[in-house]
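Architecture at a glance
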Amino acid sequence: MKIGIVADDLTGANATGVLLNKQGFTSATVVQTTELATSDAINALCIDIDSRYAPDEVVVEKVTSATQHFLKWGAQIISKRIDSTIRGKIGLEIDTVLHELGESSVAIVVGAFPDSGRICSGGYLLVDGVPVQETDVAKDPIQGIHSSYVPGVVANQSTHFVGYIGLDQVLAKDNALLDAMSAQIKQGNRIIVIDAVRDEDIDTIAHAMAQVKETKLVPVDPGPLTAAYAAAFFNQLVAAKKVIVTVGSITPLSKKQLAYVERKTHTVPVIVSAEKLATLSTWEEEVNRSTKEAIKRIDDNDVLVITTVTELNNLVDLAKLAKEQDTTANKLAKKITDGLAQVTRNVMKETDHDIQGCFTSGGDVTSSLCSVTKASGILLEDEVFPLAAFGRLMNGEFPDQPVITKGGLIGDEKAIYKCIKYFNTQHFRKSI
């Protein structure tokens, strides 16, 4: 599985390579005048052609040479890296790549790089909220920027028809973006410019691109689209594995995080009754019911959510239940977390699917999972983000099982989804 990036300059090549590394690739950057990397350990190769200020004939020669090298190398994806402020001869470079790839190829241009303050809306590139033509880069003495309208900039430099898809289609539900993209291709537009203002918009575009089968798509961008498309494209080629998300912490933030996961993965959570888990006479019955539901649900969803969190404020009066059952509130709280952990363990034991990762939210749930699976602890390997740790279960029923743990009050709305994507990255890294 290989991806080749034709980059307009060295720093841009390196930036794109780093983004690909985060997706699980092993990247290298070379300059076109040196011997090109041939190591089997490298599956993402960036060639710096230093073309931004070169004459047209030199641009064509360098882009052609790099593209032909990638074809001989066996790259499944060839990307054109462009400047994040749309400097350079973007249209000419795209035309040259498309010429080498044949008439069935189409370029998808996304100028956005949200983490660097670059967004595209209405077709216009804004840098920290300012149209690029009004920034200091516009004063470049060699190649100033006179327009912020990306479709126009590309069209003025290209011989192909240039299509445009606005942010409304990117944000629309279902297959609106894929349908819009397919319509542009059918119209004969070999270059399609698409808006994006957030990283998740770029992910949406990448996933839509990965569903296009009969047309060879070329990501054209400063880096984020290339990385997202590479992951989406290659993830379709490796065996799908499941992620189990177990959440017991009932906080407003946990609800937001789970809601975000449900939107992004289209999963339907298995809701376990906290009250029944806290009632000694119904604990086993609820565990068995939830296990059966979860085993059925994991067949249809790559992400299985097991939680006591619902849309309602379903706080259980543990003090009242403890008094009724002649026990303590602490013991009943432990029965709830043990129940969630037991359902998780049962699914892992009984399902035929491979589990690529288990995410747990809350220290009590994590501790219970270790206990019910007879794990002696977690061998820590990495930090997904501050206070979210990646590691593997030690010993027990599932030795070396990848896990990510975090507190219920940690992270933003996307926190749990980021952890799921991290599992995917680790799975992908092993598969390539």
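Read on for a plain summary of the structure.

Here's the deal with the overall build of the chain
- Counting secondary structure elements, the chain contains 15 helices and 18 strands.
- If one aligns the C-alpha atoms of the chain with their principal axes, the spans along those axes are about 85 × 40 × 40 Å.
- By residue count, 55% of the 432 residues in the chain fall in the buried class.
- In the chain, once contacts between residues fewer than 6 apart in sequence are set aside, the share between residues at least 24 apart is 72%.
- When the accessible surface of the chain is summed, it comes to about 19300 Å², and 51% of that surface belongs to carbon and sulfur atoms.
- Put simply, the chain has 43 plus and 54 minus side-chain charges, and the middle of one group is 5 Å from the middle of the other.

What to know about the packing of helix α6 (residues 176-186) against helix α7 (residues 199-210)
- Where α6 meets α7, the closest approach of the two axes is 9 Å, and the angle between their N-to-C directions is 60°. As judged from the angle between their axes, α6 and α7 are oblique. The element α6 and its partner α7 pack so that their crossing is right-handed. In this structure, α6 uses Leu 177, Leu 178 and Met 181 to contact α7, whose residues at the interface are Thr 204, Ile 205, Ala 208 and Met 209.
- Its residues assigned to classes, the contact of α6 with α7 comprises six nonpolar, one polar and no charged.

Describing helix α4 (residues 150-157)
- Along α4, the positions that sit buried rather than exposed are Val 150, Pro 151, Val 153 and Val 154. The buried side chains of α4 occupy one side of the element, clustering within an arc of 165° when seen end-on.
- If you follow the buried residues of α4, they end up packed against α3 (90-101), β5 (105-109), β6 (118-121), β7 (124-127), β9 (162-165) and β10 (191-194).

Re helix α14 (residues 363-372)
- All buried positions along α14 are accounted for by Val 365, Thr 366, Ser 368, Leu 369, Cys 370 and Val 372.
- In this fold, the buried residues of α14 make contact with β12 (242-247), α13 (329-350), β15 (355-361), β16 (377-385), β17 (388-394) and β18 (402-406).
- Directly after α14, the chain includes Lys 374, whose backbone phi takes a positive value near 65°.

As for the pairing of strand β14 (residues 303-307)
- Extensive coverage of β14 is indicated by the burial of five of its five residues.
- Burial along β14 is two-sided: the face carrying Val 303, Val 305 and Thr 307 and the face carrying Leu 304 and Ile 306 are both buried.
- In the sheet, β12 pairs with β14 via five bridges, with the strands oriented parallel. Bridge assignment links Thr 246 to a residue of β14, and that residue is Ile 306.

Some remarks on the sheet that holds strand β2 (residues 27-31)
- Pairing within the open sheet is parallel, and its eight strands lie in the order β2-β3-β1-β4-β11-β5-β10-β9. Each having just a single partner strand, β2 and β9 make up the two edges of the open sheet. Ignoring which end each strand starts from, the neighbouring axes of this sheet average 25° apart.
- In terms of strand pairing, β5 meets strand β11 (residues 216-221) through five bridges, oriented parallel. Residue pairing across strands places Val 106 opposite Leu 217, the latter belonging to β11.
- On the sheet, helix α1 (residues 10-22) packs against β1 (3-7), β2, β3 (44-48) and β4 (77-81) and is oriented at approximately 165° with respect to β2.
- Across the face of the sheet, helix α2 (residues 56-73) comes into contact with β1, β3 and β4 while running at roughly 175° to β1.

About the criteria used
- Residues numbered from 1 in each chain as written.
- Predicted model: local features only at pLDDT ≥ 70, side-chain atom pairs only at ≥ 80, totals over all residues.
- Heavy atoms only, no water.
- Helix = DSSP H or I, 4+ residues; strand = E, 2+ residues; numbered from the N terminus.
- Buried < 20%, exposed > 50% of the residue type's maximum accessible area, 1.4 Å probe, protein only.
- Contact = heavy atoms within 4.5 Å.
- Areas by Shrake-Rupley, 256 points an atom, 1.4 Å probe, with all protein chains shown as cover.
- Lys, Arg positive; Asp, Glu negative; His and termini not counted.
- Charge placed at Lys NZ, Arg CZ, Asp CG, Glu CD.
- Axes fitted to C-alpha atoms, helices over the stretch in contact; angles between N-to-C directions.
- Parallel < 35°, antiparallel > 145°, perpendicular 65-115°, else oblique.
- Left-handed = near helix turned anticlockwise from the far one by under 90°.
- Nonpolar A, V, L, I, M, F, W, Y, C, P; charged D, E, K, R; others polar.
- Arc of directions from axis to C-beta.
- Pairing = 2+ DSSP bridges.

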